[in-house]
Structures are given as C-alpha cells and as structure tokens.
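# Reading the structure
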Amino acid sequence: MISKPLPIDQVKDHYINLFYQTIDNKVGYQYERLTECLLFTLQCKTGLRISDVLDLKYSNLIFKGLDTYLELVLKKTKRSLVLPVDKLLLKMIQDYQEWCGLELGGNEKIFHNLKTDKSFTYMWANKRIKQLNNSGLLGKVYTNVGTHSIRKGLAEHLYQRKGLRTTQYLLGHKSMLTTEIYLHLDQDKHLKDLQEVL
C-alpha cells in the first residue's frame, strides 16, 4: 500500500506548537509527547526516512560558524547526506536535550527512550502519526497514512517550490528518475508544466 502525503506545513506547525505547550505545561506523558513532537518536526524539516531519524545521534549535529548541519549516512542507500538545521529546530533539539537532562554533544541517540533504555521504534512513531491523522487536527482524515507520509509531503512541497534537483538531493536519491517515480511524475505532468511556461 502506497502511503499518501500529509500537508507538511500543518503537521510541522502542529508539532512545533505542541512541543512548546508541553514544555510550558506539566501534562501527562510529557516525555513521550516531547519526543513525538521533536521526532516529527525533525522529519518535517529534513525529509529523512523514519529509520534515519530514529538513528540520529547528537554527534550528527555539526556546527560551522553560525550554521548548524546534520551529517549522516542514510541507512537504506548508504549515501552521505548533509542537511541544514534551522535555528528553530536547533532550539527544539537543545530544549529537548536539556529537558531530558542530557549534555549537549555526545554520541547518544536523540531518540533513545530514557524510561526503557531502548530506542523508540518505527511502530511507536507510526502509531503516533496515525493518531494525529485520525484526530482530524489536520483538517481532514487522510487515507494510507504512516511515518513515510511526512517524507512524501515534504518531497511534494519542495518539488513545487524548488524543483526536481533540490528534491532529489533532499531525498538522497542517486538519480532524478528515482525522484520522478517517487513523486509519481509522468509525461502528463511535464506537458502541463510546459504549457504553463510556453
């Protein structure tokens, strides 16, 4: 079953707002909520597969002058990838780390469950994104939704604004053909785009 893309801006805004509401208010399951918010905000801003997000370590954050990057090797393709980290995402990572009582830096996984001493899992993350979808908070309930829906949503969003080459880089694809297939682009789409320009 092919996962459907989610509206990336709505998902991202929801989780950023919920992250800071959760930090400010002592609510039940605060740790799990903060983890969920950071996990999906990070995925919304990077387009990484959930397996790569769950594997991220604080040492993947690279500071160069005033800029911050994520440097990692993608699990599926074994390709190196460098992605920018904006100031808001960096602040969320730092706030999460501080809330968890961890020191900045280090080789610890970002999404290591401090309660069970195990990593958070794909199944845990998939359940959470389905709960968000089914809640109706995104305006409607989408079909065939999972963690990959965020990656697809960002890919479509980026393609519409920056084109195929930038989307290919973000997704870590070796060829643009792979990205075209991933986005379900076909000749009709290309002809429509040409008609708009010519």
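Up top you'll find the structure we're talking about.
Residues numbered from 1 in each chain as written. Predicted model: local features only at pLDDT ≥ 70, side-chain atom pairs only at ≥ 80, totals over all residues. Heavy atoms only, no water.

## A closer look at the nonpolar core
Within soluble globular proteins, side chains that are nonpolar tend to cluster in buried spots. What counts here: Only buried Ala, Val, Leu, Ile, Met, Phe, Trp, Tyr and Cys residues count toward a nonpolar core, and they belong to the same one when joined by side-chain atoms within 4.5 Å. Accessibility here uses a 1.4 Å probe with only protein chains present; expressed as a share of the type maximum, an area under 20% marks a residue as buried, one over 50% as exposed, and anything in between as partly exposed. Only DSSP runs of H or I covering at least 4 residues are called helices, and only runs of E covering at least 2 are called strands; the numbering of each starts at the N terminus. Here, two residues are considered to be in contact whenever any of their heavy atoms come within 4.5 Å of each other.
Leu38, Leu48, Tyr96 and Phe111 are the most contacted members of the largest nonpolar core, which has 46 residues in total. Mapped by element, the contributors of at least two residues to this core are helix H1 (8-24), helix H2 (30-46), helix H3 (50-55), strand S2 (67-73), strand S3 (80-85), helix H4 (87-100), helix H5 (122-135) and helix H6 (148-162). A total of eight residues in this core trace back to one element, the largest contributor, which is H2. Once residues within four sequence positions are removed from consideration, Phe111 is found in contact with Thr35, Leu38, Leu39, Leu42, Val53, Leu54, Leu56, Ser119 and Phe120. Within the second largest apolar cluster, seven residues are counted, among which are Tyr159, Leu164, Tyr182 and Leu185.

## Here we look at the packing of aromatic side chains
Keep this limit in mind: What counts as a ring pair is set by centres within 6.5 Å for rings of Phe, Tyr and Trp (its six-membered ring), and what kind of pair is set by the plane angle: stacked under 30 degrees, edge-to-face over 60, tilted for all other angles.
The full count for this structure, using the stated rule, is seven aromatic pairs. Taken together, a centroid distance of 6.0 Å and an interplanar angle of 50° make the contact between Tyr31 and Phe120 tilted. With Tyr31 in helix H2 and Phe120 in the loop between strand S5 (118-119) and H5, this pair connects stretches of sequence that are 89 residues apart. Judged by relative accessible area, which is 6%, Phe120 ranks as buried. Aromatic pair Tyr96 and Phe111: ring centres 6.4 Å apart, planes at 45°, arrangement tilted. Remark: Phe111 occurs in the loop between H4 and strand S4 (112-113) and Tyr96 occurs in helix H4; sequence separation between them is 15 residues.

## Structural notes on the pairing of strand S1 (residues 61-64)
Short version of the rule: Should DSSP find at least two bridges between two strands, the strands are taken to pair.
Pairing of S1 with S2, which is carried by four bridges, proceeds in the antiparallel orientation. In the strand pairing of S2, Lys64 is matched with Asp67. Linking S1 back to S2 in an antiparallel pair, the connection comprises two residues, with Gly65 at a positive phi of about 65°.

## Let's talk about the packing of H1 against H6
Applied cut-off: Between the N-to-C directions of two axes lies an angle of 0 to 180 degrees, each axis being a line fitted to C-alpha atoms and, for a helix, fitted only over the stretch in contact. Should an angle fall under 35 degrees it is taken as roughly parallel, and over 145 as roughly antiparallel, whereas 65 to 115 is taken as roughly perpendicular and any remaining angle as oblique. Note that Gly is not counted as nonpolar here; it falls among the polar residues with everything else outside the nonpolar set of Ala, Val, Leu, Ile, Met, Phe, Trp, Tyr, Cys and Pro and the charged set of Asp, Glu, Lys and Arg.
Across the interface, H1 lies against H6 with an axial gap of 9 Å and an inter-helix angle of 120°. With respect to H6, the axis of H1 lies oblique. Where H1 abuts H6, its residues Ile8, Asp9 and Val11 lie against Ile150, Gly153, Leu154 and His157. Looking at the contact of H1 with H6 residue by residue, the class counts come to four nonpolar, two polar and one charged.

## Considerations on the pairing of S2
Alternating positions in S2 separate cleanly, Thr68, Leu70 and Leu72 being buried on one face and Asp67, Tyr69, Glu71 and Val73 remaining unburied on the opposite face. In the sheet, S2 pairs with S3 via six bridges, with the strands oriented antiparallel. Within S3, the residue paired with Leu72 across the bridge is Leu81. Hairpin remark: S2 followed by S3, antiparallel, with six residues in the connecting loop; positive phi at Lys78, about 60°.

## Looking at the side chain of Thr147
The topology assignment puts Thr147 in the loop between H5 and H6. When residues no more than four places from it in sequence are discounted, the contact partners of Thr147 are Phe40, Gln43, Ile50, Tyr122, Ala125, Asn126 and Ile129.

## A closer look at the pattern of salt bridges
Formally: Whenever a carboxyl oxygen of Asp or Glu lies within 4 Å of a side-chain nitrogen of Lys or Arg, that contact is scored as a salt bridge.
Inspection of every chain in the model, using the stated rule, returns eight salt bridges. Residue Lys64 pairs with Glu71 through a salt bridge whose shortest N-O separation is 3.6 Å. Owing to a relative accessible area of 31%, Glu71 belongs among the partly exposed residues under this scheme. Through salt bridges with shared partners, a single ionic network connects Asp55, Lys75 and Lys109.

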